[in-house]
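Chains, contacts and geometry: an overview
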Amino acid sequence: AVLAVDDYFSSNSIAVYPNPSKAVLNITLASTNNLPDGYIIYNMLGQIMTSKKINHVDDLSIQTHTLCNGVYYLKLSKKNSSETIPFIKN
């Protein structure tokens, strides 16, 4: 069955670990055969720190060692739908 885009995030149970993160933040999906289109990481001021298109399962591991310590927001997108997950870099 093909899911509607609106159902993508509600049905895919997305999580990130480890949180807080030191060097790498991993995105876990219920189903890795339907990857999000990409992600953007924002800081507390809403500034874009990094972004990437997700083409492969390996893209679900995000290098965070270049980020300063603090709270960030990982915004995952799929077509016109998105989900934002906060995480801490320490």
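This text goes with the structure placed above it.
Read on for an overview of the structure. (Residues numbered from 1 in each chain as written. Predicted model: local features only at pLDDT ≥ 70, side-chain atom pairs only at ≥ 80, totals over all residues. Heavy atoms only, no water.)

1. Comments concerning the overall build of the protein
Counting its regular elements, the protein contains 1 helix and 7 strands. For the protein, the α and β elements follow one another from N to C terminus as α-β-β-β-β-β-β-β. Taking 12 Å as the expected radius of gyration for a compact globule of 90 residues, we find that the protein reaches 13 Å, a close match to that expectation. Each principal axis of the C-alpha atoms in the protein carries an extent, and together these give about 40 × 25 × 20 Å. By the burial criterion, 34% of the 90 residues in the protein qualify as buried. Considering only residue pairs separated by 6 or more positions, the protein has 49% of its internal contacts joining residues 24 or more positions apart. On the protein, roughly 5,500 Å² of surface is accessible, and the fraction owed to carbon and sulfur atoms is 52%. Distance between charge centres in the protein, computed from 7 positive and 6 negative side chains, equals 9 Å. (Helix = DSSP H or I, 4+ residues; strand = E, 2+ residues; numbered from the N terminus. Rg over C-alpha atoms; globule rule 2.2 N^0.38 Å. Buried < 20%, exposed > 50% of the residue type's maximum accessible area, 1.4 Å probe, protein only. Contact = heavy atoms within 4.5 Å. Areas by Shrake-Rupley, 256 points an atom, 1.4 Å probe, with all protein chains shown as cover. Lys, Arg positive; Asp, Glu negative; His and termini not counted. Charge placed at Lys NZ, Arg CZ, Asp CG, Glu CD.)

2. Some thoughts on the packing of aromatic side chains
Under the criterion given, the structure shown has 2 aromatic pairs. Pairing Y8 with F9 gives two aromatic rings, centres 4.9 Å apart and planes at 90°, and the pair type is edge-to-face. A relative accessible area of 3% places Y8 in the buried class. The exposure class of F9 is buried, given its relative accessible area of 7%. Ring geometry for Y72 versus F87: centroids 5.8 Å apart, planes at 25°, classification stacked. Linking Y72 in strand 6 (residues 70-78) with F87 in strand 7 (residues 81-89), this pair joins segments that are 15 residues apart in sequence. (Phe/Tyr/Trp six-rings, centres within 6.5 Å; stacked < 30°, edge-to-face > 60°.)

3. Concerning the pattern of salt bridges
Pairs can form between side chains of opposite charge once their charged atoms are near each other. Applying the stated criterion to the full structure yields 2 salt bridges. The partner of D37 in a salt bridge is K78, and the shortest N-O contact between them spans 3.9 Å. Taken together, the residues span a long stretch of sequence, with D37 in the loop between strand 2 (24-28) and strand 3 (38-42) and K78 in strand 6 at a distance of 41 residues. Owing to a relative accessible area of 36%, D37 belongs among the partly exposed residues under this scheme. Taking relative accessible area as the criterion, K78 reaches 13% and is therefore assigned buried. Here K52 ties to D59 by a salt bridge, and the two come within 3.2 Å at their closest N and O atoms. (Salt bridge = Lys/Arg side-chain N within 4 Å of Asp/Glu carboxyl O.)

4. Remarks on the sheet that holds strand 7
Adjacent strands of a sheet pair through backbone hydrogen bonds, lying either parallel or antiparallel. The 4 strands are arranged 4-3-6-7 in an open sheet whose pairing can be described as antiparallel. Unpaired on one side and paired on the other, strand 4 (48-53) and strand 7 mark the two borders of the sheet. The sheet shows a mean angle of 15° between the axes of neighbouring strands, taken without regard to direction. In this structure, strand 3 lies alongside strand 4, joined through 5 bridges in antiparallel fashion. In the sheet register, I40 faces strand 4, and the bridge partner there is S51. (Pairing = 2+ DSSP bridges. Axes fitted to C-alpha atoms, helices over the stretch in contact; angles between N-to-C directions.)

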